[in-house]
Amino acid sequence: MDLTRDKLSSLVKKWQTTIETSIDIKTEDGFFLRIFCLVFSKRKKKQLKKTSYLTSSQTRAIRRKIIATLLKFTLDNNLKGLIGKILSEKLSSEIEKECKKIFPIYNFFIRKIKVLKENN
């Protein structure tokens, strides 16, 4: 599963911060996966400033929230259930809701999923 280059290029814009993170997880049925995530900062309501850049501490806090939410979703799911949750947009809405407390974000995407070790 991979995000195409033209889609990725259309998402990247000026005056915002791009946050990328990756996490290694193990599903319930024994698959080891590496998930690459991508999210962008959004302007706050009634913001006068042109840019919506994040500080490094805000970026680290958002990464921690994304990793914690992904771990919560994958702990008791097999591979098929995890892919179903990713495709149903339930995961992205949950992450956007959690990270909104730190800074408004939008366009949460799973950029790539690599299978590191298969269940034999």
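These figures come from a predicted structure and were not determined experimentally. (Residues numbered from 1 in each chain as written. Predicted model: local features only at pLDDT ≥ 70, side-chain atom pairs only at ≥ 80, totals over all residues. Heavy atoms only, no water.)

Quick word on the layout of surface pockets
Working step 1: Taken as a whole, the largest pocket spans an internal volume of roughly 240 Å³.
Working step 2: Forming the boundary of the largest pocket are 14 residues, of which Ile86, Glu89, Phe108, Phe109 and Ile110 lie nearest the centre.
Working step 3: Looking at the lining of the largest pocket, the elements that each hand over two or more residues are helix H3 (79-87), helix H4 (90-99) and strand E3 (105-117).
Working step 4: Split by residue class, the lining of the largest pocket holds 8 nonpolar, 2 polar and 4 charged. (1 Å grid on protein atoms, 1.4 Å probe; cavity = no way out; pocket = protein on both sides within 12 Å on 5 of 7 lines; lining within 4 Å. Points joined across faces, edges and corners; volume = space filled by probe spheres on them. Helix = DSSP H or I, 4+ residues; strand = E, 2+ residues; numbered from the N terminus. Nonpolar A, V, L, I, M, F, W, Y, C, P; charged D, E, K, R; others polar.)

Quick word on the environment of Tyr106
Working step 1: With respect to the helices and strands, the residue Tyr106 is situated in strand E3.
Working step 2: In the structure, Tyr106 is positioned 93 residues away from Lys13 in sequence and 13 Å away in space, judged by C-alpha atoms.
Working step 3: A polar contact of 2.9 Å, which involves the side chain of Tyr106, links it to the side chain of Gln16. (Polar contact = N/O pair within 3.5 Å; in protein donor to acceptor, adjacent residues only side chain to side chain.)

A word on the pairing of strand E2 (residues 32-41)
Working step 1: Most of E2 is tucked away: 8 of the 10 residues are buried.
Working step 2: Sheet topology places strand E1 (residues 18-26) next to E2; 9 bridges connect them, and they run antiparallel. By the bridge assignment, Glu20 is partnered in E2 with Leu38.
Working step 3: Linking E1 back to E2 in an antiparallel pair, the connection comprises 5 residues, with Gly30 at a positive phi of about 95 degrees. (Buried < 20%, exposed > 50% of the residue type's maximum accessible area, 1.4 Å probe, protein only. Pairing = 2+ DSSP bridges.)

Here's the deal with H4
Working step 1: Turning to H4, its buried residues number three or more, namely Leu91, Ser92, Glu94, Ile95, Glu98 and Cys99. Take H4 and look down its axis: the buried residues cluster within an arc of 160 degrees, on one side only.
Working step 2: Buried residues belonging to H4 abut helix H2 (56-74), H3 and E3. (Arc of directions from axis to C-beta. Contact = heavy atoms within 4.5 Å.)

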